[in-house]
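Results of the structural survey
Single-letter residue listing:
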Amino acid sequence: MKKQLIICLLLTSLFSQTFRDLTERPIYNPQKISNPITLDGSLSENEWQTAQVATNFVGTGLFQGIDSPLNTEAKVLYDDKYLYVGFKAFIDKSELRYSLTKRDNLDGTDDRVWINIDAFDDESLTYGLGVSAANVQIDGRDGFGFDQSLDLIYETNVKIYDDRYEVEMAIPFSSLRYSVAEIQTWRINFGRGFTGNDELTRYVYWASKIDGIECQTCQLGYLKDFSPAKQERGDIEYIPSIVATHSDNFLNNTSSSTDEASIFVKYPISSVDLLEIALNPDFSQIESDDIQTNVNTVNALYFPERRPFFSQGAELFKFQSQRGYINLFYSRTINDPSIVGKYTGKIGKTSYGVISARDESSPLLLPFEESSTIVDMGKSTSNIIRIKRMIANGGSIGGIITNRKFDGAGDMTTGGIDFHYHPGLNIHLTLHATASIHNESENFEYMPGDEEIQTFDKYTSGFDGEKIKGNALGFSLNRFNRTDSGGLTFRLRSPGFRTSNGFESNNASKWLKISKGKSIYYDNASKLIKSEHSMQIIHKENYEGLIKKQELSIENKLTFNNSFQFGVEAEIQNENFRGVQFNNHTDTTIYFGGQINPKLSLEAGINFNDEIIRYLSEPTVTWERSIGGGISYKISDNSNIRLGLEYEEAKEFYDGYTMKFIANHAFTSKLTLRSKIQYNGFADSWFIEPLITYQPTAFSAFYFGINDKLIVDDGSTFSNFTEIERQLFIKFQYLF
C-alpha cells in the first residue's frame with residue numbers, strides 16, 4: 001500500500017496545471033421603471049426596448065470557452081415591487097425541445113433560461129431562478145451543485161415564435177434576501193440550456209464560467225447602481241394546511257382516520273432577517289423515499305431531506321462530508337415536532353441562525369466502530385445555533401452548537417468550528433473540529449444484544465448513566481481545474497463521538513483518502529470528445545492502531561459525441577471486520593448510458609465483487625453480482641415513463657431484485673398526475689403510489705394520493721398478491 005501511495009503522489013505532481021485568472025466580469029446597469037410590466041411572454045413593451053442587452057453567451061463544461069451556436073439575449077428592469085427579467089432565446093421552432101411537467105421536474109433535454117443572483121456578493125446564498133420553454137419553473141440554490149429544495153415565489157410567462165421563444169419573469173423582492181443598503185451591487189449571471197441534434201446538452205452563460213473554480217460568485221457578472229425596494233417589517237405570510245388520512249391494515253382488520261390542521265408563519269423582520277414558526281406542522285413527505293435495500297447493511301441508511309420547512313436558510317446549516325466536514329446537522333432528526341421555530345439573518349458578511357423544536361418522537365443515531373443503530377428516545381427538545389462569516393473568494397469561518405434534551409432520558413450536546421478557504425491557485429482548504437457530550441439516562445433505552453458491542457473505549461454501550469465524551473476532526477485539501485484534480489481528505493472520530501442532531505454512522509476511526517483525476521478533451525475527434533481518469537486510495541484504522549481498511553480504486557469514463565458514456569471502475573481492498581481479516585478483495589463495475597434520441601434514454605451497469613456477509617455472528621465472504629439499468633421514454637410533451645430494475649445476488653446467502661416504475665402526465669404545468677410503483681424482492685413487497693397534484697404556486701397546493709402495500713404469498717412476484725396496507729390522504733395548503 002505504501003508503494004501505491006507513492007505512485008498516486010507522483011501522478012498528482014504529473015497532472016498538475018496552473019490556475020488562470022478570470023477575465024474581467026461583465027456589468028449590467030438596470031433601469032428602474034414606474035409602470036409595471038404586463039407578463040404576457042412578449043418583450044414588446046417600450047420599457048424593454050431601452051433596456052441594456054446581455055448577449056454573447058459562452059459555453060461551459062464540454063464546450064467551455066466556445067461561443068454559443070444559438071443566440072440568447074437577456075434584459076433586466078425593476079420597480080418598487082419586482083425584479084423583471086426578460087429573455088429572447090433564438091432557435092428554430094421545429095428544433096425546440098420542452099416538456100410540460102410540474103415545477104422543478106424538467107426533462108434534462110428541455111430548453112430553459114435562468115438568472116443567478118448573489119445579492120450579498122459573498123457566496124453565502126446564490127439563487128437560481130429559471131423557466132423552460134413550456135413555462136415550467138425551476139428554482140433552487142446554485143453553487144456547489146444545484147439544490148432544488150429551495151422554492152421561491154415568482155411569476156413567468158413564455159411565448160413561442162417561429163425562430164425563438166421569449167420569456168418574462170417577475171421576481172418579487174419579498175422572495176429574496178438582500179442588504180438594507182440604499183444603493184447596492186449584486187452579482188448575477190444569465191444562463192441557458194439546450195440540446196442539439198447530437199443529443200449533447202449545452203449550458204451557456206453571459207458571464208463565462210470556468211470549471212474547477214469553486215468560488216462561484218467570483219465568476220458572476222455585476223448588477224450595478226441598483227436600488228431595490230426596502231422590505232418592511234410585518235409583511236407576514238401565512239401557510240395553513242389541512243391533512244386528512246384514512247388507513248386500513250388488512251392483516252389485523254383495523255382502520256384509522258386522522259385529520260389535522262397546521263399553520264406555517266413567515267415573518268420578515270427585514271430583507272435580511274426572517275422568523276419562521278410552524279405549529280403542529282405537517283412534516284409528512286408527499287414524495288415517498290425510494291427503496292433502499294439493507295439486507296447486508298450494518299449502518300443506518302441516509303435519506304435526503306424533502307420537507308419544505310427546512311429549505312429556507314438550509315445553506316447555513318449544511319455540512320458536506322465529501323468536503324471534509326463532520327455532519328453536525330441532519331434536519332430529519334427533527335422527526336415529528338408539535339412546534340418548531342427558525343430565525344435566520346445576517347449582519348454584513350456574518351450569517352446566523354437558530355432552530356428550536358419540540359419533538360414528539362425522537363430517533364437517535366447511535367454510532368459504533370463498525371455499525372450503527374437507531375434508538376427511539378421518545379419526546380425531546382432540540383436547539384441548534386449556527387453562525388458563519390464569509391471571507392474572501394467564497395471562503396467562510398463558522399461555529400455551531402446543537403443540543404437535544406430527551407424527556408427523562410438524558411441529553412446530548414455537540415459543538416464545532418469550521419473553516420473553508422480558497423487561497424488561490426485553485427486550492428480549496430477545509431478544517432472542521434468538533435466535540436460532543438452525551439449525558440445518558442439510567443433507563444437503559446438502549447441495551448446491546450448478545451452479539452452486539454458491549455463496551456467501547458472506557459464506556460459501556462448500554463444507556464446506564466455514563467457521561468460519554470468524544471471529538472472529531474475533518475480536514476480536506478484539494479486542487480482542481482477543468483482538466484486536473486487532486487486532493488487529500490482526513491477524518492478522525494473518537495470512540496465516544498456522537499452527534500445530537502447530525503448524521504455520523506461510525507466513530508472510533510481514522511480515515512484518510514487521497515485522490516487524483518485527469519480529464520482529457522478531444523476537440524478534433526470525430527466520436528470521442530472526453531475521457532476521465534481517476535485514482536483513489538483509502539486508509540482506515542481504529543484508535544487502537546488496527547488497520548480496518550485499505551482500498552485502491554481506479555475509474556475510467558469515456559464520453560462520445562452522441563451523449564453516450566461508457567465507464568469502468570475497479571478496486572482492490574483489504575478489510576478487517578469484527579476481527580476477521582479479508583484480503584485482496586476485488587470489486588469491478590462496468591456501466592454505460594446516454595440519450596438515444598429526443599424521446600428515449602437508457603443506462604445500465606453490472607458489478608462483480610467479493611462481498612463480506614456482515615450480518616453473521618462470524619462474518620464470511622462470498623461472490624456477489626448485481627445487474628441493473630433504467631430506461632426513460634417521452635411519450636409526448638405532456639407524458640413520460642421510466643422503468644428501473646436491479647438484481648443482486650450474494651451466492652448462498654441472498655438474492656432478489658428491486659424495481660421502480662414511474663409514469664408522469666401533466667394536464668397543465670400546475671395540474672399533474674404521477675403514478676409510482678416499487679417492488680422490493682428481498683421482502684416480496686409491492687408499493688403502489690398514485691398522486692394527483694394541483695400546485696398554482698410554490699407554496700399553495702392540493703394533493704390527493706394513495707399508498708398501497710401488497711405482498712406476494714409464494715414469491716412469484718407477479719401473482720398471488722395480498723393487500724396488507726392502504727392509506728388514502730388529502731393535503732391542502734395555501735399561501736396568504
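Figured I'd write up the structure that's included with this text. (Residues numbered from 1 in each chain as written. Predicted model: local features only at pLDDT ≥ 70, side-chain atom pairs only at ≥ 80, totals over all residues. Heavy atoms only, no water.)

**Section: the overall build of the protein**
Check the secondary structure of the protein and you find 3 helices and 41 strands. Against the globule reference of 27 Å for 736 residues, the protein gives a C-alpha radius of gyration of 27 Å, in line with a compact fold. Projected onto the principal axes, the alpha-carbon positions of the protein cover approximately 80 × 60 × 55 Å. Pairs at least 24 apart in sequence give 60% of the contacts found in the protein among residues at least 6 apart. Approximately 32,800 Å² of the protein is accessible, and the part contributed by carbon and sulfur atoms is 54%. Within the protein, one finds 72 positive and 96 negative side-chain charges whose respective centroids are separated by 5 Å. (Helix = DSSP H or I, 4+ residues; strand = E, 2+ residues; numbered from the N terminus. Rg over C-alpha atoms; globule rule 2.2 N^0.38 Å. Contact = heavy atoms within 4.5 Å. Areas by Shrake-Rupley, 256 points an atom, 1.4 Å probe, with all protein chains shown as cover. Lys, Arg positive; Asp, Glu negative; His and termini not counted. Charge placed at Lys NZ, Arg CZ, Asp CG, Glu CD.)

**Some remarks on the pattern of salt bridges**
Between side chains of opposite charge, a pair can form as their charged atoms come close. One pass over the full model with this rule turns up 31 salt bridges. Of the charged contacts in the structure, one is a salt bridge between K557 and E532, with a shortest N-O distance of 3.7 Å. Of the two residues, K557 is situated in strand 31 (residues 547–560) and E532 in strand 30 (residues 528–541); the sequence distance between them amounts to 25 residues. What you see here is one network of salt bridges that share partners, running through R103, D104, D139 and D151. (Salt bridge = Lys/Arg side-chain N within 4 Å of Asp/Glu carboxyl O.)

**Overview of the nonpolar core**
The biggest cluster of nonpolar side chains holds 51 residues, and the ones touching the most others in it are I117, W186 and F190. Breaking this core down by element, the ones donating at least two residues are strand 4 (72–78), strand 5 (82–90), strand 6 (112–118), strand 7 (126–132), strand 10 (164–172), strand 11 (184–195) and strand 13 (221–226). Counting residues per element, this core draws most heavily on strand 5, at 6 residues. Contacts of F190, omitting those with residues within four sequence positions, involve Y28, A54, F57, A74, V76, V85, F87, W114, I115, V204, Y205 and W206. With 23 residues, the next largest nonpolar core counts I239, F317, I355 and F497 among its residues. (Core = buried A, V, L, I, M, F, W, Y, C linked by side-chain atoms within 4.5 Å. Buried < 20%, exposed > 50% of the residue type's maximum accessible area, 1.4 Å probe, protein only.)

**Description of a nonpolar patch on the surface**
Together, Y238, F667, L673, I692, Y694, F702, F704, L728, I730, F732, Y734 and F736 give the surface a local cluster of nonpolar side chains, amounting to about 1,100 Å² of exposed area. Elements with a minimum of two residues in the nonpolar patch: strand 39 (685–694), strand 40 (701–712) and strand 41 (721–733). The element that contributes the greatest number of residues to the nonpolar patch is strand 41, accounting for 3 residues. Turning to its location among the elements, F667 is positioned in the loop between strand 37 (654–666) and strand 38 (671–680). (Patch = residues over 30% accessible without salt bridge, like charges linked within 9 Å, V, L, I, M, F, W, Y side chains within 5 Å.)

**So, the packing of aromatic side chains**
Here the structure, examined in full by the defined rule, presents 29 aromatic pairs. Seen in terms of ring centroids, F87 and F190 are 6.0 Å apart; in terms of plane orientation they differ by 85°. Their pairing is edge-to-face. On the criterion of sequence distance, the pair formed by F87 in strand 5 and F190 in strand 11 is long-range, its members being 103 residues apart. Summarising the burial analysis for this pair, F87 and F190 share the class buried. The structure contains a cluster of three or more aromatic residues connected by ring pairs, namely Y78, F173, Y178, W186 and F226. Residue placement shows R187 over the ring face of Y222; its charged tip is 4.0 Å from the ring centre. Taking NZ or CZ as reference, K510 lies 5.0 Å from the ring centre of Y543, over its face. (Phe/Tyr/Trp six-rings, centres within 6.5 Å; stacked < 30°, edge-to-face > 60°. Lys NZ or Arg CZ within 6 Å of the ring centre and 35° of its normal.)

**Focus on the pairing of strand 18 (residues 350–359)**
Note: strand 17 (residues 337–347) against strand 18, 10 bridges, orientation antiparallel. Within strand 18, the position partnered with V340 by the bridge is A357. Counting the residues between successive antiparallel strands, the hairpin from strand 17 to strand 18 contains 2 residues, one of them, G348, with a positive phi of roughly 60°. Pairing of strand 18 with strand 21 (residues 380–390) involves 10 bridges; the strand directions are antiparallel. Looking at the pairing, G353 lines up with R386 of strand 21. (Pairing = 2+ DSSP bridges.)

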